[in-house]
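In case you want the letters, here they are:
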Amino acid sequence: MSEVQRPAGTVASVMTEERMFPPPAEFSARARIGSLEDYRRLYDAAKNDPEGFWGERAAALPWTTPYTKVLDWHPPAAKWFVGGRLNASAACLDRHLAAGKGEKTALVWVGEPTGERREYTYRQLHAEVCRVAAGLRKLGIKPGEVVSIYMPMTPELVIAMLACARIGAVHSVIFGGFSSEAIADRNQDAGAVAVITADGGWRRGSSLPLKKNVDIAVEKSPTVRHVVVLKRTGQAVEMVAGRDIWWHDLIEGMPTDTAPEPMDSEAPLFILYTSGSTGKPKGIKHTTAGYVLWAQTTSEWVFDLRDDDLFWCTADCGWITGHSYVTYGPLAAGASLLIYEGAPNAPHEGRFWEIIEAEKPTIFYTAPTAIRSFMKWGMEHIEGRDLSSLRLLGTVGEGINPEAWIWYHEVIGGKRCPIVDTWWQTETGGIMMSPLPGCTPTKPGSCTLPLPGVVPEIVDAAGAPVTPGHGGWLVMTQPWPGMLRGIWGDDERFVETYWSKVPGKYLAGDNARQDKDGYYWIMGRIDDVLNVAGHRLSTIEIESALVSHPSVAEAAAVGRPHDVKGEAVAVFVTLRGGVPTDGLKDALRKHVRQQIGALAAPDDIHFAATLPKTRSGKIMRRLLRDIAAGRETVGDTTTLEDYTVLATLRGNDE
Ligand code: PRX
């Protein structure tokens, strides 16, 4: 059936993957959830009695005021643990000290420059968080105020997040690869009162000008009163008197036992900006109790965390994975974390395996795009490395192609480690669908089954469940504790984006199908969101950046398949006049980098005389996607192409 004839909201599926990998018996024997019967029991309990189920699990959180009701659900508004008070940093730190685990390793950090390494026990991490929290309080930062964090992956990034949480400030972490424009937009949208940054950050041996980017951004951020600067690279920076303060001066003489602010269960814990279907990134809002419980519980289930594990999640805290599976989940679970500051190919392409050999993590959680890079870089970087400490592997951020899955299983996992392919989103706060490593037989490319508490459905555009085996929109039919509570400052967009197309259900924005065993297969986005190297980008954001360049009249951005990044950015540009030159391509790439960040810089730029449009003026993206993927020959794309010809050939009614 062609895409045009199919009922709206449904998708044809062509992928069939029949291989199945049962969990190793010795893994199951020691696992938290060791059989499918146990999983089903938990699943049914959470589905049938969510309040009883989550109430039982919330009992271990360090409440300062007990809650009166587990769930108050008026779709789309959910309140979890109504009336309770607690502090997220106390849930990650203080409760472990109280339980006598103060001397346990909380965090092992490896810097990008070879030889740099630090270790923190829970007691030491607690002390550092307390000092920064006291410093921020002294600056006058109040509960509920927003603090932007723009830092390299150092322990101080985790400390800054927890210090904000400790005083009840709402953190908004901005990935260190974003531009000053992107920082300014986020500061303005959130009304940030302070920015925590560093002089610079190491990236493949060179240093990123973080403070400089913040300086430019803060000129356009009228609400920002303070900038705290960590000395990381030692590069020269300008400090603005009365506004800027060094991190080491901020914490000088500060107490190591700052009291945590008791926060309402539903008080915002953080905002994290992510791309959607418009040019403006949305600030996804997560709140305190439900989020922390979800991050902790899913960490324990999916990564089967044990006391002697060392958990390495390679994500940067600029993304949701770094929030939930570097900072809040593992620390709330009292686990030991491994963090690496830099790129996997710095200073050589075997850096990750060198780190595994030296630090002996037991769990390794990374992105498919990284796995495809490792495959490309070759076996010479891996052969001879001792990876035997690993017992469990995970992936996140995009679907994993079966070839990469098998490679990961055989080469990195030595055929003994289960792989958890975890499907979730910034909005969901934590993992939603994933194998449980001790009990779920895995199929390469499938995120398998929903976790307890997650009740998915696949529907067509009318909201009716699709016939089993067919693709459709993935929705969630029940609330879960880690769900987003809104878009910062834009309730209307929250309702419109997630809750209006299929009323009363959460629309994830992905297509999916279920196979005969009930396993879920994610089939890509239903909106104009690209997934480039596991990072979410909006085509419209890229287009707005391009048209803000003086030479550009009109632009269309689409994704095309890329063997390492999953998707690459291809753009079609019409000019205001003049002839395109190679110099212009470089200028446009630089312009997008300045507007959004390096991750959005187009891989391919096609200049066109006009863009193919429907009679109603909508750009024919499907046609452009075909052209970008090389499915249409259009000759030399460096000269102006007239794509209307193709549109005419195709018939222009999309
Ligand atoms: O399309 C899905 C894809 O990434 C989107 C969420 O992106 P983001 O909010 O940036 O969060 C990424 C980290 C959780 C989803 O809507 N995605 C994420 N994980 C998977 C995936 N697609 C297929 N399989 C996955 N395991």
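Computed from a prediction, not measured in an experiment: that's the story for all the values here.

Participant: Which residues make up the overall build of the protein chain, and what are the values?
Facilitator: Of the regular secondary structure elements, the protein chain holds 19 helices and 31 strands. Its C-alpha radius of gyration of 24 Å places the protein chain within 12% of the 26 Å reference for a compact globule of 654 residues. With respect to the principal axes defined by its C-alpha atoms, the protein chain has extents near 75 × 65 × 55 Å. Every one of the 654 residues in the protein chain was classed for burial, and the buried ones make up 61%. Partitioning the contacts of the protein chain with sequence separation of at least 6, the portion at a separation of at least 24 is 72%. Split by element, the accessible area of the protein chain, about 24,200 Å² in all, is 52% carbon and sulfur. Taken together, the 68 basic and 79 acidic charged side chains of the protein chain have centroids lying 1 Å from each other.

Participant: Can you tell me about the sheet that holds strand β15 (residues 282-287), naming the residues and giving the values?
Facilitator: Read across the open sheet, the eight strands follow the order β12-β11-β8-β6-β7-β14-β15-β23; overall the sheet is mixed. Every interior strand has two partners, whereas the edge strands, β12 (244-246) and β23 (486-487), have only one. As defined by bridge partners, strand β11 (residues 226-230) adjoins β12 across three bridges and the pair is classed as parallel. Its bridge partner being in β12, valine 227 is matched across the sheet by aspartate 244. Packed on one face of the sheet, helix α6 (residues 155-167) meets β6 (146-150), β7 (170-173), β8 (194-198), β11 and β14 (268-274) and runs near 175 degrees to β6. In this fold helix α7 (residues 180-190) packs onto β6, β8 and β14, with an angle of close to 140 degrees to the strand it touches most, β14.

Participant: Give a description of helix α8 (residues 210-219) that names residues and reports values.
Facilitator: Burial of α8 is extensive: seven of the ten residues sit out of reach of the surface. The set of residues buried in α8 consists of Leu210, Lys211, Asn213, Val214, Asp215, Ala217 and Val218.

Participant: Report on the packing of aromatic side chains, specifying residues and quantitative values.
Facilitator: Per the stated rule, a full pass over the model turns up 38 aromatic pairs. Arranged with centres 6.3 Å apart and planes meeting at 80 degrees, the rings of phenylalanine 352 and tryptophan 353 form a pair that is edge-to-face. With respect to class, phenylalanine 352 is no different from tryptophan 353; both count as buried. Three or more aromatic residues joined by ring pairs make a cluster, and in this case those are Trp312, Tyr340, Phe352, Trp353, Phe364, Phe374, Trp377 and Tyr408. For the cation-ring pair, arginine 57 lies above phenylalanine 53, with the distance from its terminal atom to the ring centre recorded as 3.8 Å.

Participant: Tell me about the layout of surface pockets, and name the residues and values.
Facilitator: Estimated volume of the second largest pocket: approximately 220 Å³. Along the wall of the second largest pocket there are 16 residues; nearest its centre are Pro76, Ala77, Ala78, Arg485 and Phe494. Counting only elements with at least two residues in the lining of the second largest pocket, the list comes to β1 (69-74), β2 (77-82), β15 and α15 (491-499). For the lining of the second largest pocket, the per-class residue count stands at seven nonpolar, three polar and six charged.

Conventions used here
Each chain carries its own residue numbering, running from 1 in the written order of its sequence. Confidence filtering applies because this is a predicted model: local features only for residues at pLDDT of at least 70, side-chain atom pairs given and counted only at 80 or more, and all residues used for totals across whole chains, interfaces and linings. For the side-chain quantities, the full set of heavy atoms in the structure was used; hydrogens and water were omitted. Runs of H or I in DSSP of at least four residues are treated as helices and runs of E of at least two as strands, each being numbered from the N terminus. It is over C-alpha atoms that the radius of gyration is taken, and the globule rule equals 2.2 Å times the number of residues to the power 0.38. A simple rule labels every residue: compare its accessible area, found with a 1.4 Å probe on the protein chains alone, to the largest value its type can have, and call it buried under 20%, exposed over 50%, or partly exposed in between. Two residues qualify as a contact provided that any one of their heavy atoms is within 4.5 Å of a heavy atom in the partner residue. Here, Shrake-Rupley sampling with a 1.4 Å probe gives the accessible areas, and only protein chains in the shown set may cover a residue. Residues scored as positive are Lys and Arg, those scored as negative are Asp and Glu, and His as well as the terminal groups of each chain are ignored. Charge positions come from single atoms, namely NZ of Lys, CZ of Arg, CG of Asp or CD of Glu. Only strands joined by at least two bridges in the DSSP assignment are considered to pair. Only the contacting stretch of a helix is used when fitting its axis, a line to C-alpha atoms as for every element, and angles between N-to-C directions run 0 to 180 degrees. Think of it this way: a Phe, Tyr or Trp ring, Trp meaning its six-membered ring, pairs with another when their centres are within 6.5 Å, and the plane angle makes it stacked under 30 degrees, edge-to-face over 60, tilted otherwise. Sitting over a ring, as applied to charges here, requires NZ of Lys or CZ of Arg to be within 6 Å of the ring centre and within 35 degrees of the ring normal. Detection works on a 1 Å grid of protein atoms alone, calling trapped sets that fit a 1.4 Å probe cavities and calling open sets with protein on both sides within 12 Å along at least five of seven lines pockets, with lining residues defined by an atom within 4 Å of a point. Grid points are joined across faces, edges and corners, and a volume is the space filled by probe spheres set on the points. In this classification, Asp, Glu, Lys and Arg are treated as charged, Ala, Val, Leu, Ile, Met, Phe, Trp, Tyr, Cys and Pro as nonpolar, and every other residue, Gly included, as polar.

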